[in-house]
Amino acid sequence: MEKLVQRNYKAELLGSELYASLASIEKDEKVKEVLRELAEGEANHAKFWKSIAQSRGIRLGNLGVMDRIKIRLLLKVRKVLGVALALKLVEAGEENDAEKYYKLSTSPEFSDTEREGFKNIMMQELVHEDLLIQNQINVDSIRDSIYAVSDGLIEVLASVSGLAGIFPNPLYVAIGGLIVGVSGMISMSIGAYLSSKSEEDIRNNALRRARLKNQETDQAEANSRTKESVRTTAISYIIGALVPIIPFILGLKGNPGLLTAYAITGASTFMVGSLIGIVSDVNPWKRGALMTGLALGAALLTHGLGVLAHLEGLG
């Protein structure tokens, strides 16, 4: 009981300070207000745990050095990757708060009044989840961006791996990889445009049929989303595509260049895979390992094909 109370009190206290810190650097007033509301809610939950501790004579501690470091790291993530991904990172590997408080509300270890308090907190947590879904940055957009990076990493690593088996000159490998990267970027951008344009046309046709008064505003927003989707996909893909080419641009050739490309791309795909796991609510470590394995497997396969082509007199 003592550890349960101490752990949950500290978790709520940490959540309150984290949300307050995120709110302090948030520029979007709507999101800032939501974060402040979340911080206040977590603070009230901490007070509830404090009352439970006091009624049982349990001593509570304050946030420690590691907790402060965690908050600072998450603020750095927020600045680089956005508030949605930072909040997803907080949730990763942790029990859903609403489910946790539901279990506590049925626990015989607590009084009727305390169980009722847990039910109230459970309902508040459900409301908080809805607030985040409605107001935070579009997680789907972030997910699409991360997938575009991963496509660039995997496709270009496979191509330069195959080319390295054919051409001994690292410049040729780098140019070949860059060509594949640019062509892939164009292909993915066209795909993103066509997909977003189709969704935009469907929305506009529905608006036209319904004769909605705010049709022009909605159409402008749809056009903006289409442009953003294409831009995000293109930039994300080419960033991923450049990573496997770096060793060959630097002049590394043969096995040293290839192993360096495998190493930096493997590390990058693991990071990207972990991020995909976080935004998709699955185990980030398993997803990262899976993506790394697939990327290196594809690279080794194409390298084998390149070696066979070289032995046949190509390159």
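Residues numbered from 1 in each chain as written. Predicted model: local features only at pLDDT ≥ 70, side-chain atom pairs only at ≥ 80, totals over all residues. Heavy atoms only, no water.

Attention now goes to the overall build of the chain. Across its full length, the chain carries 12 helices and zero strands. Overall, the chain shows an N-to-C arrangement of helices and strands of α-α-α-α-α-α-α-α-α-α-α-α. Among the 315 residues that make up the chain, the fraction classed as buried is 42%. (Helix = DSSP H or I, 4+ residues; strand = E, 2+ residues; numbered from the N terminus. Buried < 20%, exposed > 50% of the residue type's maximum accessible area, 1.4 Å probe, protein only.)

One way to put it is that helix H1 (residues 2-25) packs onto helix H2 (residues 29-56) with a least axis distance of 8 Å and a crossing angle of 160 degrees. Taken together, the axes of H1 and H2 are roughly antiparallel relative to one another. Crossing geometry of H1 relative to H2 is assigned as left-handed. Residues of the contact of H1 with H2, tallied by class, amount to 15 nonpolar, five polar and five charged. (Axes fitted to C-alpha atoms, helices over the stretch in contact; angles between N-to-C directions. Parallel < 35°, antiparallel > 145°, perpendicular 65-115°, else oblique. Left-handed = near helix turned anticlockwise from the far one by under 90°. Nonpolar A, V, L, I, M, F, W, Y, C, P; charged D, E, K, R; others polar.)

For the rest of this paragraph, the subject is helix H5 (residues 97-104). Buried within H5 are the following residues: Ala 98, Lys 100, Tyr 101 and Leu 104. Considered in projection along H5, the buried side chains sweep an arc of 160 degrees and stay on one side of the axis. (Arc of directions from axis to C-beta.)

This part covers the nonpolar core. Ranked by size, the top nonpolar core spans 32 residues in total, and within it Leu 35, Trp 49, Tyr 101, Leu 104, Phe 110 and Phe 118 carry the most contacts. At the level of elements, H1, H2, helix H3 (65-81), helix H4 (83-91), H5 and helix H6 (112-135) are the ones that each hand at least two residues to this core. Those residues within four positions of Trp 49 in sequence are excluded, and the remaining contacts are Val 5, Asn 8, Tyr 9, Glu 12, Tyr 101, Leu 104, Phe 110 and Phe 118. In terms of nonpolar packing, the next biggest core, distinct from the first, is built from 16 residues, Val 160, Leu 163, Val 173 and Tyr 262 among them. (Core = buried A, V, L, I, M, F, W, Y, C linked by side-chain atoms within 4.5 Å. Contact = heavy atoms within 4.5 Å.)

For the rest of this paragraph, the subject is a nonpolar patch on the surface. The grouping of Leu 178, Val 182, Ile 186, Ile 190, Tyr 193, Leu 194 and Leu 242 at the surface amounts to a nonpolar patch, some 600 Å² of accessible area in total. With six residues, helix H8 (residues 170-210) is the largest single contributor of residues to the nonpolar patch. Positionally, Leu 242 belongs in helix H9 (residues 215-242). Its relative accessible area of 38% is what places Leu 242 among the partly exposed residues. (Patch = residues over 30% accessible without salt bridge, like charges linked within 9 Å, V, L, I, M, F, W, Y side chains within 5 Å. Areas by Shrake-Rupley, 256 points an atom, 1.4 Å probe, with all protein chains shown as cover. Salt bridge = Lys/Arg side-chain N within 4 Å of Asp/Glu carboxyl O.)

So, about a negative patch on the surface. Side chains of Asp 28, Glu 29, Glu 33, Glu 37 and Glu 40 sit close together on the surface and give a patch of like negative charge. By the element assignment, Glu 29 lies in helix H2. Taking relative accessible area as the criterion, Glu 29 reaches 55% and is therefore assigned exposed. (Lys, Arg positive; Asp, Glu negative; His and termini not counted. Charge placed at Lys NZ, Arg CZ, Asp CG, Glu CD.)

What follows is about the environment of Glu 109. Turning to its location among the elements, Glu 109 is positioned in the loop between H5 and H6. When residues no more than four places from it in sequence are discounted, the contact partners of Glu 109 are Met 1 and Arg 56.

If you walk through the whole model with that rule in mind, you get eight aromatic pairs. Aromatic pair Trp 49 and Phe 110: ring centres 6.4 Å apart, planes at 80 degrees, arrangement edge-to-face. With Trp 49 in helix H2 and Phe 110 in the loop between H5 and H6, the pair connects residues that are 61 residues apart, well separated along the chain. Phe 110 gets classed as buried once you look at its relative accessible area, which sits at 3%. Here Tyr 101 and Phe 118 contribute two aromatic rings whose centre-to-centre distance is 5.9 Å and whose plane-to-plane angle is 35 degrees, an arrangement assigned as tilted. Of this pair, Tyr 101 sits in helix H5 while Phe 118 sits in helix H6, placing them 17 residues apart in sequence. Like Tyr 101, the residue Phe 118 is buried in the burial classification. (Phe/Tyr/Trp six-rings, centres within 6.5 Å; stacked < 30°, edge-to-face > 60°.)

Examined against the element boundaries, His 303 turns out to sit in helix H12 (residues 284-311). According to the relative accessible area criterion, His 303 is buried, its value standing at 18%. In this structure the side chain of His 303 is engaged in a polar contact, spanning 2.8 Å, whose partner is the backbone oxygen of Ser 161. Not counting the four nearest positions on each side in its chain, His 303 is found in contact with Ser 161, Gly 162, Ala 164, Gly 165, Leu 258 and Tyr 262. (Polar contact = N/O pair within 3.5 Å; in protein donor to acceptor, adjacent residues only side chain to side chain.)

As a further point, take the confidence of the model for the chain. Low-pLDDT stretches of the model should not have their predicted coordinates read in fine detail. Counting all residues, the mean pLDDT for the chain is 80, and 80% of those residues have values of 70 or more. Mean pLDDT across the elements of the chain ranges from a minimum in H4, with 69, to a maximum in helix H10 (residues 246-249), with 92. (pLDDT = per-residue confidence, 0-100.)

Moving on, we get to the side chain of Thr 265. Structurally, Thr 265 can be placed in helix H11 (residues 254-279). By relative accessible area, which is 0% here, Thr 265 ends up buried. Those residues in contact with Thr 265 that lie beyond four places of it in its chain are Leu 153, Leu 157, Val 243 and Pro 244.

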